[in-house]
Amino acid sequence: MTLLTYLRRKLGLTGTKLGCAEGGCGACTVMLSKYQPHLSKVLHHSVNGCLAPLCSLHHCAVTTVEGIGSVAGKLHPVQERIAKSHGSQCGFCTPGIVMSLYALLRNNPTPRMADIEEAFQGNLCRCTGYRPILEGYKTFTKVRPHNHTLSILRMSKDHRLPLSSSTSVLPAPLYNPADFLPLDPTQEIIFPPELMVDTLTHQHTRGFRGERVLWLQPASLDQLLELKTQYPNAKMVVGNTEVGIEMKFKNLLYPVILAPGYIPELNTIQHTDEGIVFGASCSLTLLGDVLKAAVGKLPLYQTEVFNAVLEQLRWFAGLQIRNVAAIGGNIMTASPISDLNPVFMAAGCKLTLMSKGKSLLLSLQPGLSYRKTILTPEEVLLCVLIPYTKKHFAAYKQSPRREDDISIVTSGMSVTFAEGSTVVKHLALSYGGMAATTVMAKNTASRLLGKQWGEELLQDACSSLAEEMTLHPSAPGGMVTYRRTLTLSLFYKFYLTVQQKLASERIWGNAPEWKPKHLCPTARLQNGQKEEDVVGRPMMHLSALKQATGEAVYCDDIPLYENELYLCLITSTKAHATIQSIDTAEAESMPGVVTCVFAKDIPGSNMTGPIVYDETVLADDTVSLCVCVCVLADTQAHAQRAAKAVRITYQELQPVIITIQDAITHQSFFQPVRTIQRGDLDQGFTQADHILEGEMHMGGQEHFYLETNVTVAVPKGEDGEMELFVSTQSATKTQSLVAKALGVPASRVVIRVKRMGGGFGGKESRSTTLSTVVAVAAQKLKRPVRCMLDRDEDMLVTGGRHPFYGRYKVGFMKSGKVVALEVTYYSNAGNSMDLSLSIMERALFHMENSYSIANIRGRGYVCKTHLPSNTAFRGFGGPQGMLIAESWMSDVALSLGLPAEQVRRLNMYIQGERTPYSQILDHITLDRCWDQCLEISSFTQRRAGIETYNRDHRWTKRGLSVVPTKFGISFTAAGALAHIYTDGSVLLTHGGTEMGQGLNTKMVQVASRTLGIPSSKIHITETSTNTVPNTSPTAASASSDLNGAAVHNACEILLHRLEPYKTKNPKGCWEDWVSTCQSYTVLFLIGWYHYLGYDFETNTGRPFNYFSYGVACSEVEIDCLTGSHKNIHTSIVIDVGNSLNPALDIGQVEGGFMQGVGLYTLEELKYSPEGYLFTRGPGMYKIPAFGDIPTDLTVSLLRDAPNDKAIFSSKAIGEPPLFLAASVFFAIKDAIIAARKESGLSGPFRLDSPATPERIRNACEDRFTKLCPPAEPGTFTPWAVVV
Ligand SMILES: Cc1cc2nc3c(=O)[nH]c(=O)nc-3n(C[C@H](O)[C@H](O)[C@H](O)COP(=O)(O)OP(=O)(O)OC[C@H]3O[C@@H](n4cnc5c(N)ncnc54)[C@H](O)[C@@H]3O)c2cc1C
Ligand code: FES
Ligand code: FES
């Protein structure tokens, strides 16, 4: 059992969250404290509860988020500051982040910013964009935080603020650090004295026997070796960061586990003449600390290897993993992408192996085969010697994300020269990621012996490495050309580094350095208003404090019902097949299993879907990648084990359609095919000076809400009534689809949503699949049923953002003015229609982004494939449509040799122009956003600086881009219900759901202003279908507009009803009036509908109520040799009308922007040609981490831009900012253009999204890429396909 399961399920401490179960998200972070007898002190470490075996915690103290503070009691400053600095949105990541920082402060109460960044390497947040968390926590460092009184808002009339032209600019902090509780380290909870025992000298082997595993913890080396003889197949476990993953995800079972964590010989560190010897159980954190100390004391020439190990450790996993993972665990896993093994091999590290009565010293060698070492079953690794000096030594790691990511290619390199010369005497080049084991480039090394370190050697080395470091085009992991090129590029970096050291003269094109910069992002907001009016104020998210203390209740935090069962889904493993048989006999005989549920158990209809019923709840006959059957058991562990024992046999069918290209080949499209057209295309192309054609593919995106999909269904026992607690954006849709499957009227089903740990569109329609299955099971068994999907299940079954492929033909004038555009979009919808047609429609509505084009035609094909159905995701097709628009815009500029910003500005809409769907643009603020963005970002100076930089640097290049957005806001339906109680308190309910965006906070602000009472009198408990029925999903950014209007109207009606009582008692107060009033409740429903009646056939009507505008400017730097990039600067100016709450709005801008950064530069879903999803968790699928935010980030809300179409002149904010991250994509493209110029290349080129290191490197063509040409397409089966 893991510590996390024990905390949540046995102790009911649900503050610690489950986000991934694989050490990749940090939601489960707790602090572990251990007494260290040899140091006579207690050490505190952050660790991942999801990987820590409970048995390993003997004599440890565990501190969880509940243990350090509470809202009702006393908050800990760490909890208070993240909440007050607006660093908690959905709050699901917050307890983990709180505990990471808490553990740091327990060891170091005045950390540096670098320490804080290091502490967060293992924590992810999908909502905030990280900036507010760092800014809030910066207050713990000695450096004071930035002044948060940034840019300012002039309030409009409806804010009832006296406008004075000279004083319209008033400083307004988002929060006041002076209000923060001070940190007093003397007040921390003490380490339990009873745990201060000498753990290293206890005498006996401890044993714990579980249901399937015997855990033995020997106290001495002799006992360990004896046990290893007795149980040669026993698995050694130290940090459990490998074994834990194998058992959970690879279904491996180790019946006997030996835990050598407390054996003194495996924990000692010895400084010898040759180097430092580390016991195999020493943690990586300890390894780093000891090496750092040695580097500080010893001369540089002795510590090159140590520095290289430290460099690898800096990017090795997150701190929570490094705190427990052992050096021996890394070596003995023998992973081909181990970060340490290549360094240890190139450095000639020595291992001491032991078995009973035998000891063996040997150099670390490549493994025998994939993850197979030379160790015999009886042997253990005792220690490893890391030697002093190698004259020149370096290590490199290239991964998709810089922080906490596994390597694509990793390397250790060492060279020694003959005395007094630069003639190679010894050379060792080791690579990880190029074969099933770590490999040494032996041929290249021997070929270079005796050669002079110079250009000739470099050329020899490169051609030799290109020959030696080959990969089959179908090699697992893919990226074959890139990986091969990296072997050369990394050697070139090493070559340059050595050159630099050899000659002190400047070498043109220094080896690029990737030292992390300390982030000091800032935010700007606008403000200035009177005290009692909360609208427009940066009011803290109402649940933020509870989220920071772990008291906020999410769906899976609901205590277990006494007779509750757990459900586990079994999905089809074939993309296109018929089911021949489902054998559940073995599964049903396993411990704890109650039954299985099949399609035939569905009492109502098995057909489901949010708009058209074209999918099954449980597969009946023909399957694509969908849910087939489910297992119910008493616990999650039992259900999941049984699920693995269900056997399904299939008859495979053809064709298997996975990619958009497959769908085009087979003409597999959902109908209708949408077209929007305006002007005369033929005439436009005739008139154009130039015509160009191009294409682009844009990958999909996983929502990666930190809280996966979860439902608890409770049958009520009469009349078919059922209550469901669901994490969904769409209570009404869940209600109707559950009722449909159960065969009962909707009135019997109540859906309750307290809060979600993020949604982003992923819980709009796809969450209903799980809720329906859980409800069917609960109905069948007449017992409560719960299921929270594991991260891998969630990523597999719930779909994500649609991948898009676009083809375009653009006609343009010499000036850059675009006069004709024909664009065709194809989206990969997956196996059902879901919301794909509406998503394609929005892509078409945004096909021209912010540009006025007289003659235009866009056509959209929704491709039907066998992948799980894709669905809504923040932006809803807009980010795909607009990215392809910016691609042709960039091509136009490139082909004319004009600055892209000039061409963009020239084509931008002006007031009164019409969109392709004939909507007139009024109140357009694009030009103002653009001008302000250029000014704030110092665009001209920045551009000049970049030109100089690029002239001076060959192997790193900088790029700059400014990109506008225009995002249409359309309205759906909403409602609100307000109760006023006789004590004056108000209970508010509305149709929207709280998923972190602060909707409830804004609604309380609206009600507070409307009723004229303090916000503290207003409370929102949850969203439920029995309070506000028939609402639309919380989506499309319009929830504040809609629900705000409904709340406003409901409150106005109540005020109207109170009027007579106020008139009767004009001197009375709120409580006096309401206590005498006879009518306390009002239900107000508001009905607005999608697209306001736009007709595609006639191109008439009005799809959008209004538009949100914004502009972003970004600067990046790319490493042309590895394809890495760093985000240097971003300025965003965005029009949110008169912001209801600038803190929440800035949070949405930053969070949306960072999700866009993930979409366009990082996040890549990888599928096999058969449709198998490889990227099923944070280990393989990388969302932006703390280190990915721009070093310098400025967000400004446009001043004086009231919106007359929404509540209190505000504007929607959820989706529009996401696309602004395209500025980063095009800044990268700009930098690639500079790199390509060095190789004599110019003009348009194709860069697909996301701009990953692989794509960037491959686009920066040079002499190294030429040595590693890609294999001829069609001659091999790739490992992964572009879907
Ligand atoms: C989220 C996450 C991120 C990661 N990131 C990285 C990364 O960036 N780079 C990287 O290289 N790895 C990474 N890993 C892999 C892993 O963390 C490391 O390999 C780690 O060093 C393993 O140590 P451990 O103590 O946890 O091993 P365990 O899981 O306890 O054991 C691993 C293996 O080593 C064997 N073993 C342990 N000690 C001995 C011994 N004394 N004698 C013989 N056999 C022994 C065990 O039997 C087992 O087979 C990551 C893992 C996770 C979960
Ligand atoms: S749940 Fe433990 S790291 Fe994600
Ligand atoms: S607030 Fe961090 S994941 Fe939602």
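Cut-offs applied
- Residues numbered from 1 in each chain as written.
- Chains lettered and ligands numbered in written order.
- Predicted model: local features only at pLDDT ≥ 70, side-chain atom pairs only at ≥ 80, totals over all residues.
- Heavy atoms only, no water.
- Axes fitted to C-alpha atoms, helices over the stretch in contact; angles between N-to-C directions.
- Helix = DSSP H or I, 4+ residues; strand = E, 2+ residues; numbered from the N terminus.
- Parallel < 35°, antiparallel > 145°, perpendicular 65-115°, else oblique.
- Left-handed = near helix turned anticlockwise from the far one by under 90°.
- Contact = heavy atoms within 4.5 Å.
- Nonpolar A, V, L, I, M, F, W, Y, C, P; charged D, E, K, R; others polar.
- UniProt positions renumbered as here; feature names shortened; annotations may be inferred.
- Buried < 20%, exposed > 50% of the residue type's maximum accessible area, 1.4 Å probe, protein only.
- Near = heavy atom within 4 Å.
- Polar contact = N/O pair within 3.5 Å; in protein donor to acceptor, adjacent residues only side chain to side chain.
- Areas by Shrake-Rupley, 256 points an atom, 1.4 Å probe, with all protein chains shown as cover.
- Arc of directions from axis to C-beta.
- Phe/Tyr/Trp six-rings, centres within 6.5 Å; stacked < 30°, edge-to-face > 60°.
- Lys NZ or Arg CZ within 6 Å of the ring centre and 35° of its normal.
- Pairing = 2+ DSSP bridges.
- Right-handed = clockwise from strand over helix to strand, strands pointing away.
- pLDDT = per-residue confidence, 0-100.
- Core = buried A, V, L, I, M, F, W, Y, C linked by side-chain atoms within 4.5 Å.

Novice: I keep staring at the packing of helix 26 (residues 900-907) against helix 27 (residues 926-936) and nothing clicks. Help me out?
Specialist: To characterise two packed helices, one gives the angle between the axes of the helices and the distance between these axes. At their nearest, the axes of helix 26 and helix 27 sit 11 Å apart, and the two run at 160° to each other. Classed by the angle they form, the pair helix 26 and helix 27 counts as roughly antiparallel. The two elements helix 26 and helix 27 cross, and the hand of that crossing is left-handed. Within the contact between the two elements, helix 26 uses Glu901, Arg904 and Arg905 and helix 27 uses Asp927, Trp930 and Asp931. Residues that form the contact of helix 26 with helix 27 fall into these classes: one nonpolar, no polar and five charged.

Novice: Can you help me understand the UniProt feature "binding site: [2Fe-2S] cluster 2" (unreviewed entry) in the protein chain in this one?
Specialist: Here the UniProt-annotated "binding site: [2Fe-2S] cluster 2" (unreviewed entry) positions come out as Cys90, Cys93, Cys125 and Cys127. With the annotated positions falling across 38 residues, the maximum pairwise C-alpha distance of 9.3 Å places them together in a single cluster. Relative to the elements of secondary structure, cysteine 93 occurs in the loop between helix 2 (77-84) and helix 3 (94-107). By relative accessible area, which is 4% here, cysteine 93 ends up buried. Among all residues touching cysteine 93, those that are not within four sequence positions of it are Leu124, Cys125 and Leu706. Of note, cysteine 125 is situated in the loop between helix 4 (113-119) and helix 5 (131-137).

Novice: Got a minute to help me understand the UniProt feature "binding site: [2Fe-2S] cluster 1" (unreviewed entry) in the protein chain in this structure?
Specialist: Mapped onto this numbering, the UniProt entry annotates "binding site: [2Fe-2S] cluster 1" (unreviewed entry) at Cys20, Cys25, Cys28 and Cys50. Their sequence span is 31 residues, while the largest C-alpha to C-alpha distance among them is just 10.2 Å; these annotated residues converge on one region. Cysteine 28 sits in the buried class, given a relative accessible area of 3%. Mapped onto the secondary structure, cysteine 50 falls in the loop between strand 2 (41-48) and strand 3 (60-63). On the basis of relative accessibility, which here comes to 8%, the residue cysteine 50 falls in the buried class. Setting aside its immediate chain neighbours within four residues, cysteine 50 contacts Thr2, Leu4, Ala21, Glu22, Gly23 and Cys28.

Novice: Before we go on, may I ask you to explain the site of ligand 1 in this structure?
Specialist: Around ligand 1, 30 residues are found, and the nearest of them are Met236, Val238, Thr241, Ala326 and Asp339. At 2.8 Å from an oxygen atom of ligand 1 is found a main-chain nitrogen or oxygen belonging to glutamate 242. Measuring from an oxygen atom of ligand 1, one finds a backbone N or O atom of alanine 326 at 2.8 Å. Surface burial for ligand 1 is 92%, taken as the share of its 990 Å² of free accessible area covered by protein chains. Residue assignment for the shell around ligand 1 shows that the elements contributing at least two residues are strand 6 (235-236), helix 11 (327-333) and strand 12 (380-387).

Novice: In this structure, what is going on with helix 27? I would like to understand it.
Specialist: One turn of the α-helix equals 3.6 residues, which is why residues spaced by three or four share an orientation. Listing the buried residues of helix 27 in full gives Leu926, Cys929, Trp930 and Cys933. Summarising the axial view, the buried residues of helix 27 lie within an arc of 100°, below the 170-degree limit, and thus occupy one face. Packed against the buried residues of helix 27 are helix 26, strand 34 (956-969), strand 40 (1106-1119) and strand 41 (1125-1134). Serine 938 sits one or two positions beyond helix 27 and adopts a positive phi of about 50°.

Novice: Looking at this model, I keep getting lost on the packing of aromatic side chains. Mind explaining?
Specialist: Aromatic rings in a pair are described by how distant their centres are and how their planes are angled relative to each other. Under the criterion given, the structure shown has 36 aromatic pairs. With centroids separated by 5.2 Å and ring planes inclined at 80°, the aromatic side chains of phenylalanine 845 and tyrosine 1094 adopt a geometry described as edge-to-face. With phenylalanine 845 in helix 24 (residues 836-845) and tyrosine 1094 in the loop between strand 39 (1081-1087) and strand 40, the pair connects residues that are 249 residues apart, well separated along the chain. The ring of tyrosine 554 has arginine 755 sitting right over it, with the charged end atom 5.6 Å from the ring centre. Directly above the aromatic system of phenylalanine 1226 lies the positively charged group of arginine 904, at a separation of 5.2 Å from the ring centroid.

Novice: How should I be thinking about the sheet that holds strand 40 in this particular structure?
Specialist: Strand pairs in the sheet, formed through backbone hydrogen bonds, run parallel or antiparallel to each other. The four strands lie next to each other as 34-40-41-42, forming an open sheet whose pairing is mixed. Where the open sheet ends on each side, the last strands, each with one partner, are strand 34 and strand 42 (1192-1197). Taking each pair of neighbouring strands and ignoring which way they run, the sheet shows an average axis angle of 15°. Where strand 41 meets strand 42, six bridges bridge the pair, whose relative direction is parallel.

Novice: I'm lost on the pairing of strand 32 (residues 818-830) in this one. Help?
Specialist: Working note: regular strand, side chains alternate between the two faces of the sheet. Most of strand 32 sits out of view: 12 of its 13 residues are buried. One ladder, built from nine bridges, connects strand 31 (residues 804-812) with strand 32; its direction is antiparallel. Within strand 32, the position partnered with lysine 809 by the bridge is glutamate 822. In terms of strand pairing, strand 32 meets strand 33 (residues 855-864) through 10 bridges, oriented parallel. When the bridges of strand 33 are listed, glycine 830 appears paired with lysine 864. In the classification by handedness, the crossover that spans strand 32, the intervening helix 24 and the parallel strand 33 is right-handed.

Novice: Explain the sheet that holds strand 26 (residues 690-698) here, please?
Specialist: Strand order in this open sheet of five strands is 25-33-32-31-26, and the pairing throughout is mixed. At either margin of the open sheet sits one strand with a lone partner, and together these are strand 25 (669-678) and strand 26. Pairs of neighbouring strands in the sheet enclose a mean axial angle of 10°, with direction left out of account. Contacts between helix 24 and the sheet are confined to strand 25, strand 31, strand 32 and strand 33, with strand 33 contributing the most and set at about 160° to the helix.

Novice: Which parts of the structure should I look at to understand helix 26?
Specialist: The complete set of buried residues in helix 26 reads Glu901, Val903, Arg904 and Asn907. The buried residues of helix 26 all sit within an arc of 160° when viewed along its axis, so they share a single face. Of the surrounding secondary structure, the elements contacted by the buried residues of helix 26 are strand 32, helix 25 (878-896), helix 27, helix 28 (939-952), strand 34 and helix 33 (1222-1238).

Novice: Is there a simple way to think about unusual backbone geometry in this case?
Specialist: Peptide bonds are, in most cases, trans, and in most cases residues other than glycine have a negative phi. Of note, the amide linkage connecting glutamine 671 to proline 672 takes the cis form, showing an omega dihedral of 0°. Mapped onto the fold, proline 672 is located in strand 25. The omega torsion of the bond from serine 1249 to proline 1250 falls at 5°, within 30 degrees of zero and hence cis. Here proline 1250 lies in the loop between helix 33 and helix 34 (1253-1259). With phi around 50°, glutamine 667 is a residue other than glycine that occupies positive phi space. Mapped onto the elements, glutamine 667 comes out in the loop between helix 19 (660-665) and strand 25. Phi is positive for lysine 782, which is not a glycine, with a value near 55°.

Novice: How do you make sense of the confidence of the model for the protein chain when you look at a structure like this?
Specialist: Do not read the predicted coordinates in detail wherever pLDDT is low. Across the protein chain, the average pLDDT comes to 91, with 94% of residues at or above 70. With pLDDT under 50 throughout, residues 145-171 is counted as low confidence; its partners more than four residues away or in other chains account for 71 contacts. Under a pLDDT of 50 for its full length, residues 505-530 has, in the predicted model, 120 contacts with residues more than four places off or in other chains.

Novice: Honestly, the nonpolar core in this entry has me stumped. Any pointers?
Specialist: The nonpolar side chains of soluble globular proteins are, as a tendency, buried together. Counting 270 residues, the largest nonpolar core has Tyr137, Tyr431, Trp453, Phe491 and Leu567 as the members making the most contacts within it. The leading source of residues in this core is helix 15 (residues 480-502), at 11 residues. Aside from chain neighbours lying at most four places away, what touches leucine 567 is Cys630, Val631, Leu632, Val773, Val774, Ala777, Val785, Arg786 and Cys787. Judged by nonpolar contacts, the second largest core, of 62 residues, contains Leu227, Cys282, Val305 and Ala317.

Novice: Hey, could you run me through the environment of valine 862 in this one?
Specialist: In this fold, valine 862 is placed in strand 33. Measuring from C-alpha to C-alpha, the distance between valine 862 and asparagine 1141 comes to 38 Å, with 279 residues separating the pair along the chain. Residue contacts for valine 862: discarding those within four places in its chain leaves Ser668, Phe669, Phe670, Ser827, Ala829, Ser836, Leu837 and Met840.

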